[in-house]
Amino acid sequence: MTTNFTDFDIEAVRRDFPILQQRLSGDMPLVYLDTAATAQKPRCVVAKVVECYEQYNSNVHRGIHQLGDRMTTELESAREKVQRFIGANEPDEIVFTSGTTMSLNIVAHGWGRKFLRPGDEVLVNPMEHHANLVPWQLAAAATGATLRYIPLTADGRLDLSQLDELLTRKTKLIAVTAMSNVLGTINPIDELARRAHDVGALICVDGAQSVPHALTNVRSPQIDFLAFSGHKLYGPTGVGVLYARRQLLEAMDPFLAGGHMIREVFLDSSTWADPPAKFEAGTCPFIQAVGMGAAIDYVNSIGLAKIGHYEHLLSVQAHEKLSQVPGVKIHGPAVEHKGAILSFTVDGVHPHDLSDLLDRRGVAIRAGHHCTMPLHELLNLTATARASLAFYNTPAEVDALVEAVQGARRVFRLK
Ligand code: C6P
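Residues numbered from 1 in each chain as written. Predicted model: local features only at pLDDT ≥ 70, side-chain atom pairs only at ≥ 80, totals over all residues. Heavy atoms only, no water.

Q: In this structure, what is going on with the overall build of the protein chain? I would like to understand it.
A: The helix and strand inventory of the protein chain stands at 13 helices and 17 strands. Taking 2.2 N^0.38 as the reference for a compact globule, 415 residues should give roughly 22 Å; the C-alpha atoms of the protein chain span a radius of gyration of 22 Å, in line with that estimate. For the C-alpha atoms alone, the extent of the protein chain along its principal axes is close to 70 × 55 × 40 Å. The proportion of buried residues among the 415 residues of the protein chain is 56%. Within the protein chain, residue pairs in contact and separated by at least 24 positions form 71% of the contacts whose partners lie at least 6 positions apart. Entry remark: accessible area of the protein chain is about 17,300 Å², with carbon and sulfur atoms responsible for 52%. Charge separation in the protein chain, taken as the distance between the mean sites of 39 positive and 45 negative side-chain charges, equals 3 Å. (Helix = DSSP H or I, 4+ residues; strand = E, 2+ residues; numbered from the N terminus. Rg over C-alpha atoms; globule rule 2.2 N^0.38 Å. Buried < 20%, exposed > 50% of the residue type's maximum accessible area, 1.4 Å probe, protein only. Contact = heavy atoms within 4.5 Å. Areas by Shrake-Rupley, 256 points an atom, 1.4 Å probe, with all protein chains shown as cover. Lys, Arg positive; Asp, Glu negative; His and termini not counted. Charge placed at Lys NZ, Arg CZ, Asp CG, Glu CD.)

Here it is in structure tokens:
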């Protein structure tokens, strides 16, 4: 485990990411602080995708020919990498989807619409990304179930003081993010999983932000559903994962129907293939999935614990320095309760103007509601600026962010 910045070979890491070496207009070096939106890709991931297209591109589970066999072997090997990466029992518990959003929709519609009944409750909370809220609104509307909300504390954590009253035998599922994409809050998944199971409910975890930055083991605590995206895990776009326990995948309905997900089709009815095929209708993003497997190999070659520790050190530096800039408010809990995400506002500067001014110095952040409108409503804001860090960022880049924010204040002539 590293204890300071110098123990981490950041120069070697940065050589793996060609995009980071470029200079933007005005000869500004790129300072990429938007990893929560999408992560950059190491050379080995790009090379793996090129290798697939140049050497054995062929549809999977279909062609009885050598290319089809090779591509299928590569895809199934990627599935095993994902299985090991999150500690699932078997590869068949890994469904390849187009991303977190699709994975969560499969749960809300495939499980929710089948098993929720009038009077049942689903427990959500205001910090969820729309992808783990709106599908549950639709599932509740379709079944007569009700959504209930775990409130947030003033510093942006789940307020579990009312959980005894909120979590009852009526609760059928808790939908919760492991890490907020805005506040960075790391939620107590262990406790929530245990408490859900105590009342016979399931837990559906949005791992979009946590899986790339912190070790995940779906068996400890026992997670029933886990969703995440390849593109935030240094892999290609267009691919994601739904993990669910085998019994759940067997019990729930398919969400999308078509080729590959069937066992038998008659003119008036059909039966389903076993999972994961049951949830992989049509041509799955097979080359992207193989690229995600290469990304997992890359992350493992460095070590996720080491990555997480380095990112935490960067985050501490960013919190300390940014919070000293006059007029800056960083939203969310103290740095020890969060991942390396800083959503902030600067008095007198709109987040979009701030993002624009930072961009002129090569500093890429995100501004907006980050697909969390209820959370921003609670914060009484329409938008925040967000800097999100990854293990390819440097302490100097954190300083560049802070200097750019100071520069923006000067543009607005703020004292
Ligand atoms: N958040 C962000 O800038 P997709 O788009 O399906 O890969 O991921 C959706 C999603 C779900 N949950 C969380 C916690 C997320 O952060 C995201 C994506 C991006 O914050 C784009 S809005």
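Q: Looking at this model, I keep getting lost on the layout of surface pockets. Mind explaining?
A: Where empty space is left in the structure can be found by rolling a water-sized probe over the atoms. Quantified by volume, the largest pocket comes out at close to 560 Å³. Together, 30 residues line the largest pocket, and I186, S210, H213, A214 and L215 are the ones closest to its centre. Residue assignment for the lining of the largest pocket shows that the elements contributing at least two residues are α7 (189–198) and α10 (304–323). Among the elements that take part in the lining of the largest pocket, α10 stands out by supplying seven residues, more than any other. Its residues placed into classes, the lining of the largest pocket shows 15 nonpolar, twelve polar and three charged. (1 Å grid on protein atoms, 1.4 Å probe; cavity = no way out; pocket = protein on both sides within 12 Å on 5 of 7 lines; lining within 4 Å. Points joined across faces, edges and corners; volume = space filled by probe spheres on them. Nonpolar A, V, L, I, M, F, W, Y, C, P; charged D, E, K, R; others polar.)

Q: Which parts of the structure should I look at to understand the packing of helix α4 (residues 100–115) against helix α5 (residues 134–143)?
A: Each pair of packed helices can be described by the angle between their axes along with the distance between the axes. The interhelical angle for the contact between α4 and α5, taken along N-to-C directions, is 15°, at an axis separation of 9 Å. Overall, the two elements α4 and α5 adopt an arrangement that is roughly parallel. Classified by chirality, the crossing of α5 by α4 is right-handed. Across the interface between the two elements, L104, N105, V107, A108, H109, W111, G112 and R113 from α4 touch P135, W136, L138, A139, A142 and T143 from α5. Broken down by class, the residue content of the contact of α4 with α5 amounts to nine nonpolar, four polar and one charged. (Axes fitted to C-alpha atoms, helices over the stretch in contact; angles between N-to-C directions. Parallel < 35°, antiparallel > 145°, perpendicular 65-115°, else oblique. Left-handed = near helix turned anticlockwise from the far one by under 90°.)

Q: What exactly am I supposed to notice about the sheet that holds strand β4 (residues 94–97) here?
A: One key point about sheets: their strands pair by backbone hydrogen bonds, in either a parallel or an antiparallel sense. Taken in spatial order, the seven strands make up an open sheet running β4-β10-β9-β8-β7-β5-β6, and their pairing is mixed. At either margin of the open sheet sits one strand with a lone partner, and together these are β4 and β6 (146–149). The mean inter-strand angle of the sheet, taken between neighbouring strand axes irrespective of direction, is 20°. Together, β4, β9 (225–229) and β10 (240–244) form the strand contacts of helix α3 (residues 66–86), whose direction differs from that of β4 by roughly 115°. (Pairing = 2+ DSSP bridges.)

Q: Would you mind going over the sheet that holds strand β16 (residues 366–368) with me for this structure?
A: The antiparallel open sheet is built from four strands, whose spatial order is β13-β14-β17-β16. Edge positions in the sheet fall to β13 (328–331) and β16, since each has one partner strand and no second. Ignoring strand direction, the axes of neighbouring strands in this sheet form an average angle of 30°. Note: strand β14 (residues 341–346) against strand β17 (residues 384–388), four bridges, orientation antiparallel.

Q: Explain the environment of L342 to me, please; I cannot follow it from the model alone.
A: Position of L342 relative to the elements: it lies in strand β14. For L342, a relative accessible area of 0% puts it in the buried group. Sequence-distant contacts of L342, defined by excluding residues within four places in its chain, comprise A318, H319, L322, I330, A385, R386, A387 and L389.

Q: Help me understand α3, please; the structure alone is not making it clear to me.
A: Note: α-helices contain 3.6 residues per turn, so residues at a spacing of three or four share the same orientation. Here α3 spans 31 Å end to end across 21 residues, near enough to the 30 Å set by a 1.5 Å rise per residue. Residues of α3 that are buried: G68, M71, T72, E74, L75, A78, R79, V82, Q83, F85 and I86. On its buried face, α3 is in contact with α2 (43–56), β4, β9, β10, α9 (286–302) and α10. Positive backbone phi, approximately 75°, marks G87, located one or two places after α3. (Expected span 1.5 Å × (residues − 1).)

Q: Even after reading the chapter, I still don't get the domain arrangement of the protein chain, so can you show me in this structure?
A: A common way to state how big an interface is: give the accessible area lost once the parts meet. According to the domain assignment, the protein chain consists of domain 1 (10–32 + 303–411) and domain 2 (46–301). For domain 1 versus domain 2, the separation of C-alpha centres amounts to 28 Å. Facing the 33 residues of domain 1 at the interface are 30 residues of domain 2. When domain 1 packs against domain 2, close to 2,400 Å² is buried across both sides, 65% of that on carbon and sulfur atoms. Taken together, the connections running from domain 1 to domain 2 amount to zero salt bridges. Looking at the side of domain 1 that touches domain 2, the elements with two or more residues in it are α10, β14, α12 (373–379) and β17. (Domains from an automatic or database assignment. Buried area = accessible area lost by both parts, 1.4 Å probe. Salt bridge = Lys/Arg side-chain N within 4 Å of Asp/Glu carboxyl O.)

Q: Would you take a moment to explain helix α13 (residues 395–411) for this structure?
A: End to end, α13 covers 25 Å across 17 residues, agreeing with the expected 24 Å (1.5 Å per residue, within 8%). Among the residues making up α13, those that are buried are E397, V398, L401, V402, A404, V405, G407, A408 and R409. Positive phi shows up at R413, right after α13, with a value of about 55°.

Q: I would appreciate a short explanation of empty space enclosed by the protein in the present structure.
A: In the structure shown here, the tally under the stated rule is one cavity of 30 Å³ or more. Approximately 70 Å³ is the volume attributed to the largest cavity. In terms of lining, the largest cavity is formed by T35, A36, M179, Q209, H213, E311, G339, A340, I341, S388 and L389. For the lining of the largest cavity, the per-class residue count stands at five nonpolar, five polar and one charged.

Q: Explain the pattern of salt bridges to me, please; I cannot follow it from the model alone.
A: Two side chains of opposite charge can pair, provided their charged atoms sit close to one another. The tally for this structure, following the rule as stated, stands at 24 salt bridges. Put simply, E90 and R246 hold a salt bridge, and the shortest N to O gap is 3.0 Å. Of the two residues, E90 sits in the loop between α3 and β4 while R246 sits in helix α8 (residues 246–251), which places them 156 residues apart along the sequence. Exposure remark for E90: the relative accessible area of 24% places this residue in the partly exposed category. When its relative accessible area of 26% is taken as the criterion, R246 is described as partly exposed.

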